[in-house]
Amino acid sequence: LGNLTETFHYGTNTYALSVAGRLRWTLSWGVTARYIHENLADEKANGLGFDIGITFNPIKQLCLGLSGQNLLSYLWWSTDHKDPVLATVRFGIAGQFLDTTLIAELDLSKTIKHPLDISLGIQYKFLKVLYFRSGLATSIDVKDRDYRKFDYSFGIGMRYQQFGICYALPITSSKLGLTH
């Protein structure tokens, strides 16, 4: 009837250590190890997570990236239950055009047991400090030949030296409506 009878607590803390470097001017790498602590009602879990990634810049205006996230990652609950953290493989490509005034990006992400997520975005720099952005995203389930309706987003940003401010308006296919 709308009366609260008790509270429910959920919280996550993550501590990460990352190391990155450049093998050559065209190839960079990174590795992250994470300690994860979760509270769910009266239960607690501890776990470890590992990520690895590389980027390749064959030319200045093009960047390709590949990463594996949550590799060999698990949560051990206080109930003696062990949950795997689902691994994700991500591939991305970004291109700069018109002397970096226009940037286009494509991101493909596949998590075990989930559909393929596809995101596409563009950014246009105006007057050296204003940025107009737009993007769309969807998920495709190749196995069931099904896809989610497209989500759209629009945004504007302003950046001067190290200071910046951004606004985005995602229009999603979920029932949550507009999000700012």
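Up top is the structure.
Summarised in this report is the structure supplied together with it. Quick caveat, the model's predicted, so the values are computed rather than measured.

About the cut-offs
- Residues numbered from 1 in each chain as written.
- Predicted model: local features only at pLDDT ≥ 70, side-chain atom pairs only at ≥ 80, totals over all residues.
- Heavy atoms only, no water.
- Phe/Tyr/Trp six-rings, centres within 6.5 Å; stacked < 30°, edge-to-face > 60°.
- Buried < 20%, exposed > 50% of the residue type's maximum accessible area, 1.4 Å probe, protein only.
- Helix = DSSP H or I, 4+ residues; strand = E, 2+ residues; numbered from the N terminus.
- Pairing = 2+ DSSP bridges.

**Structural notes on the packing of aromatic side chains**
Phase 1 of the analysis: On inspection of all chains with the given rule, the structure shows three aromatic pairs.
Phase 2 of the analysis: Between the aromatic rings of Tyr74 and Trp76, the centroid separation amounts to 6.1 Å while the plane-to-plane angle is 40 degrees, which identifies the pairing as tilted.
Phase 3 of the analysis: Taken together, a centroid distance of 6.1 Å and an interplanar angle of 55 degrees make the contact between Phe126 and Phe132 tilted.
Phase 4 of the analysis: Taking the relative accessible area as the measure of exposure, Phe126 reaches 37% and is therefore partly exposed.
Phase 5 of the analysis: Relative accessible area serves as the criterion here: at 37%, Phe132 is assigned to the partly exposed category.

**A few points about unusual backbone geometry**
Phase 1 of the analysis: We note that Asn70 has phi near 60 degrees; this positive angle belongs to a residue other than glycine.
Phase 2 of the analysis: Note on placement: Asn70 falls in the loop between strand S4 (62–69) and strand S5 (74–77).

**A closer look at the pairing of strand S1 (residues 10–24)**
Phase 1 of the analysis: Across 14 bridges, the pairing between S1 and strand S2 (residues 27–40) is antiparallel. Among the inter-strand pairings, Thr12 is bridged to a residue of S2, identified as Glu38.
Phase 2 of the analysis: Following S1, the chain reverses through two residues before pairing antiparallel with S2.

Just geometry here; none of it tells us what the structure is for.
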